[in-house]
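Next come the chains, spelled out residue by residue.
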Amino acid sequence: MGFIRLRANILQLASIIMVAALIAVIISLSSGAAESKKEMNEVAPALVRLFSNDKSAESNDRTFKKYYGLNAADYDAVVLYFPLTNMDAEEMLIVKLKDTSQAEAVRAAMEKRQQTQIGIYEGYAPEQLSLCENGIIDVQGNYVLYVVHPDASKIDEAFRAGLK
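Residues numbered from 1 in each chain as written. Predicted model: local features only at pLDDT ≥ 70, side-chain atom pairs only at ≥ 80, totals over all residues. Heavy atoms only, no water.

Quick notes on the overall build of the chain
Here is step 1 of the chain: Counting its regular elements, the chain contains six helices and five strands.
Here is step 2 of the chain: Starting at the N terminus and walking to the C terminus, you meet the elements of the chain as α-α-β-α-β-β-α-α-β-β-α.
Here is step 3 of the chain: Looking at the chain as a whole, 40% of its 164 residues are labelled buried.
Here is step 4 of the chain: Pairs at least 24 apart in sequence give 58% of the contacts found in the chain among residues at least 6 apart. (Helix = DSSP H or I, 4+ residues; strand = E, 2+ residues; numbered from the N terminus. Buried < 20%, exposed > 50% of the residue type's maximum accessible area, 1.4 Å probe, protein only. Contact = heavy atoms within 4.5 Å.)

This is the structure we're talking about:
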């Protein structure tokens, strides 16, 4: 009799834990960042000011396609600042999505780019490697940011603030 009661209590406790876990997952999925009503020309300038350096310059849709494997026309807006030489890693990409369902593909492309850069700088450029390893990828509703920069966290803070 004691074993049956113990087993029933364990099953009841397991059920409670599973329900609590399910509720936690539902809450975390529904509490994602809201879509921003801001246009790229309202968001990007503050980030560009913080990012600006003599190692990178604004790039074009071809560079975006070449290094990220994505078509700029598939998104609402794309701003890419790309290193001028292979010796520098400082880079910033801001993408305004047409639909939040695009976020995972953009994030994956950014992660792939980051890993590629880490692989390139691993053997010979410790400063650039550190920048790449500390690069930030941040998905906020309908915007995604990738930044490799000494002040990446400040740029990310400005990104989040600029979307509100």
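A closer look at the confidence of the model for the chain
Here is step 1 of the chain: The predicted model of the chain averages 89 in pLDDT, with 84% of residues at 70 or higher.
Here is step 2 of the chain: Counted against residues more than four places away or in other chains, residues 27-31, with its pLDDT under 50, gives zero contacts. (pLDDT = per-residue confidence, 0-100.)

Overview of the sheet that holds strand β1 (residues 56-58)
Here is step 1 of the chain: Ordered by their spatial adjacency, five strands build an open sheet running β1-β2-β3-β5-β4, and the pairing between neighbours is antiparallel. Single-partner strands in this sheet number two, and they are β1 and β4 (136-140). Here the strands of the sheet are splayed against their neighbours by 10° on average, with no regard to which way each runs.
Here is step 2 of the chain: When β1 meets strand β2 (residues 77-83), the two strands line up antiparallel, connected through three bridges. Counted as the bridge partner of Glu58 is Tyr81 from β2.
Here is step 3 of the chain: Each of β2, β3 (91-96) and β5 (143-148) is contacted by helix α3 (residues 61-68), which is oriented at about 75° to β2, the strand it contacts most. (Pairing = 2+ DSSP bridges. Axes fitted to C-alpha atoms, helices over the stretch in contact; angles between N-to-C directions.)

As for the packing of aromatic side chains
Here is step 1 of the chain: If you walk through the whole model with that rule in mind, you get seven aromatic pairs.
Here is step 2 of the chain: Three or more aromatic residues joined by ring pairs form one cluster here, namely Phe64, Tyr68, Tyr75 and Tyr146. (Phe/Tyr/Trp six-rings, centres within 6.5 Å; stacked < 30°, edge-to-face > 60°.)

Concerning the environment of Asp138
Here is step 1 of the chain: Inspection of the secondary structure assignment puts Asp138 in strand β4.
Here is step 2 of the chain: Since its relative accessible area comes to 5%, Asp138 is described here as buried.
Here is step 3 of the chain: Along the primary structure Asp138 and Ile94 are separated by 44 residues, whereas in three dimensions their C-alpha atoms are 9.7 Å apart.
Here is step 4 of the chain: In contact with Asp138, other than residues within four places in its own chain, are Tyr143, Val144, Leu145, Asp156, Phe159 and Arg160.
Here is step 5 of the chain: Within polar-contact distance, the side chain of Asp138 engages the side chain of Gln140 at 2.8 Å.
Here is step 6 of the chain: A distance of 2.8 Å separates the side chain of Asp138 from the side chain of Arg160, its partner in a polar contact. (Polar contact = N/O pair within 3.5 Å; in protein donor to acceptor, adjacent residues only side chain to side chain.)

Quick word on a nonpolar patch on the surface
Here is step 1 of the chain: A cluster of nonpolar residues, Met87, Ile120 and Tyr124, forms a patch on the protein surface that exposes about 310 Å² of accessible area.
Here is step 2 of the chain: With respect to the helices and strands, the residue Tyr124 is situated in the loop between α4 (103-121) and α5 (126-133). (Patch = residues over 30% accessible without salt bridge, like charges linked within 9 Å, V, L, I, M, F, W, Y side chains within 5 Å. Areas by Shrake-Rupley, 256 points an atom, 1.4 Å probe, with all protein chains shown as cover. Salt bridge = Lys/Arg side-chain N within 4 Å of Asp/Glu carboxyl O.)

So, the pairing of β5
Here is step 1 of the chain: Within β5, six of the six residues are buried, which leaves it mostly tucked inside the rest of the structure.
Here is step 2 of the chain: Here β5 shows no split at all, with Tyr143, Leu145 and Val147 on one side and Val144, Tyr146 and Val148 on the other all buried.
Here is step 3 of the chain: Judged from the six bridges that link them, β3 and β5 form a sheet pairing that is antiparallel. Looking at the pairing, Lys96 lines up with Tyr143 of β5.
Here is step 4 of the chain: Examined bridge by bridge, β4 and β5 share five bridges and lie antiparallel to one another. Bridge pairing in β5 places Ile137 opposite Tyr146.
Here is step 5 of the chain: What sits between β4 and β5 in their antiparallel hairpin is a turn of two residues, with Gly141 showing a positive phi close to 60°.

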